[in-house]
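Residue-level structural notes
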Amino acid sequence: MDTDPAAIVDEAVTPRRSRRAWLRLIPVFAILVLLFGVPWWSLVYSSVEWPTPVTVAGTVLFAGALVALPILMMLGHGRRHLDRAAVAGDVLLGVAWVLFVWTVIGDIARLALVLAGVDNPTRSRIVAVAVVVVVTVLLAWGHYEAMRIPRIKRVDVTIPRLGADLDNARVVVVTDTHYGPINRTKWSAGLADAVNGLDADILCHVGDIADGTVSQRDNQTAPLASMRAKLARVYVTGNHEYFSEAQGWLDYMQDIGWDSLHNRHLVVTRGDATLTIAGVDDATARASGLAGHGANLAAALAGSDPEHPILLLAHQPKQVSQAVSAGVDLQLSGHTHGGQIWPFRYLVRLDQPVVAGLSKHGDRTQLYTSRGSGFWGPPFRIFAPSEITVLTVKSSH
């Protein structure tokens with residue numbers, strides 16, 4: 001019998017790949033077990049001594065959620081991109097995270113009841129009921145915060161090199177709109193109305209415009225075309241554009257009248273004052289493998305006058321290290337969502353130099369990190385409100 005050497009190699013390699021795939025899933029399974037197991041143990045099973053029907057119902061509920069979450073996430077965010085599954089999975093993920101966090105806090109608070117002499121099962125039942133009440137209130141409030149039109153946040157930023165004729169210019173920032181499985185067309189129109197009431201000189205969208213393709217989300221993004229600014233409307237990609245069709249979003253924004261700053265710059269003037277506005281691709285662009293994409297600040301600034309102040313749009317705050325080296329005056333970023341659901345901000349801080357607000361880097365560069373105007377995934381914002389930012393730039397003249 002003839003034997004194909006390539007087939008032998010493929011048969012030998014395939015099991016190894018399969019084993020590696022399963023090994024990569026082990027941390028995911030461990031996280032899921034912790035996420036659902038800790039609340040189940042503390043609120044349903046251990047020392048609470050609920051009546052048997054309550055214990056059984058609670059166990060079935062947690063087991064069902066444990067099985068449902070990965071299935072929903074695969075159907076919603078995998079190859080099939082089923083929006084209803086994505087919404088259900090995202091909501092379940094948010095609920096599970098908040099329940100896990102506050103169960104842990106409840107277990108710590110349980111010590112106070114021990115010191116007060118409250119015995120079990122009363123002690124454990126008090127904690128369980130308190131956790132459920134707190135989580136319910138936080139989720140209701142967090143959903144309201146996620147779905148509302150963002151508050152206006154006003155910040156003054158002094159740029160010493162800015163010409164006097166651009167003193168008090170208004171730079172309005174929206175970012176991380178994340179138009180996605182939940183249809184937020186009405187919200188998008190409200191966002192546009194809010195922006196248009198701010199009399200922007202320069203309007204910036206700093207990436208993560210949507211989760212999905214242009215054809216999937218253009219009904220939600222259409223109000224972006226009506227947003228107004230006197231001098232410029234500029235946009236750069238975020239990491240989520242590279243999950244679908246980054247070039248499509250760059251072309252779309254250009255088509256509706258924005259300037260897509262795909263590693264390039266433009267110059268705005270008012271009187272004798274000039275400002276260079278540059279934009280770079282997201283930090284993940286190069287790894288996406290999309291031809292011609294990858295953050296390139298040198299290319300973005302090529303041909304610009306080094307004497308002019310520079311406003312840079314870069315989706316991720318950690319891109320500020322390149323901005324410092326290039327002598328950028330002010331970088332605008334998003335990406336972090338301010339953590340979105342507390343206490344996730346502390347995990348974000350492990351990856352980014354700043355989670356939110358204005359910060360100084362090097363001798364010249366300032367960075368403003370927006371908490372974002374929308375939300376990603378779970379439709380909740382807890383202790384991390386959304387924002388439309390109005391940066392009033394001031395010269396030192």
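In this text, all values refer to a predicted model and were calculated from it rather than measured experimentally. (Residues numbered from 1 in each chain as written. Predicted model: local features only at pLDDT ≥ 70, side-chain atom pairs only at ≥ 80, totals over all residues. Heavy atoms only, no water.)

Let us look at the overall build of the protein. If you tally the helices and strands in the protein, you get 10 helices and 12 strands. Along the three orthogonal principal directions, the C-alpha set of the protein runs to about 80 × 80 × 40 Å. Counting every position in the protein, which comprises 397 residues, the buried fraction comes to 48%. Contacts in the protein between residues at least 24 apart in sequence constitute 73% of all its contacts with a sequence separation of at least 6. Counting every atom, the protein has about 18,600 Å² of accessible surface; 62% of that belongs to carbon and sulfur. Across the protein, 34 positive and 34 negative side-chain charges occur, with their mean positions spaced 6 Å apart. (Helix = DSSP H or I, 4+ residues; strand = E, 2+ residues; numbered from the N terminus. Buried < 20%, exposed > 50% of the residue type's maximum accessible area, 1.4 Å probe, protein only. Contact = heavy atoms within 4.5 Å. Areas by Shrake-Rupley, 256 points an atom, 1.4 Å probe, with all protein chains shown as cover. Lys, Arg positive; Asp, Glu negative; His and termini not counted. Charge placed at Lys NZ, Arg CZ, Asp CG, Glu CD.)

A separate point is the packing of helix H6 (residues 214-221) against helix H7 (residues 246-255). Packing of H6 against H7 leaves a shortest axis separation of 11 Å and a crossing angle of 35 degrees. Crossing handedness for the pair H6 and H7: right-handed. On H7, the residues touching Val214, Arg217, Asp218 and Thr221 of H6 are Gly248, Trp249 and Tyr252. Tallied by class, residues from the contact of H6 with H7 come to three nonpolar, two polar and two charged. (Axes fitted to C-alpha atoms, helices over the stretch in contact; angles between N-to-C directions. Left-handed = near helix turned anticlockwise from the far one by under 90°. Nonpolar A, V, L, I, M, F, W, Y, C, P; charged D, E, K, R; others polar.)

Residue placement: Leu313 occurs in strand S8 (residues 310-313). By relative accessible area, Leu313 is classed as buried at 0%. The sequence separation of Leu313 and Val195 amounts to 118 residues, and the corresponding C-alpha distance is 18 Å. If we ignore the near neighbours within four places in the chain, the residues touching Leu313 are Cys204, His205, Val206, Val234, Tyr235, Val236, Ile277, Ala278, Gly279, Val280 and Leu332.

Our next topic: the UniProt feature "transmembrane region" (unreviewed entry) in the protein. Using the residue numbers shown here, the UniProt feature "transmembrane region" (unreviewed entry) corresponds to residues 21-42, 54-75, 87-105 and 125-144. Secondary structure across residues 87-105 divides into 100% helix and 0% strand, with the first and last C-alpha atoms of the span separated by 27 Å. Within the segment residues 125-144, helix and strand shares are 100% and 0% respectively, and the terminal C-alpha atoms sit 29 Å apart. (UniProt positions renumbered as here; feature names shortened; annotations may be inferred.)

Moving on, we get to empty space enclosed by the protein. As enumerated under the stated definition, the model contains one cavity of 30 Å³ or more in all. In terms of lining residues, the largest cavity is bounded by Leu162, Leu166, Ala169, Val171, Ile202, Leu275 and Val393. (1 Å grid on protein atoms, 1.4 Å probe; cavity = no way out; pocket = protein on both sides within 12 Å on 5 of 7 lines; lining within 4 Å. Points joined across faces, edges and corners; volume = space filled by probe spheres on them.)

Pairing is mixed in the open sheet, where six strands are placed in the order S1-S12-S2-S3-S4-S5. Only two strands of the sheet have a single neighbouring strand rather than two, namely strand S1 (151-158) and strand S5 (259-260). In this sheet, strand S12 (residues 387-394) lies alongside S1 in parallel orientation, the contact comprising eight bridges. Directly across from Asp156, in S12, lies its bridge partner Thr392. (Pairing = 2+ DSSP bridges.)

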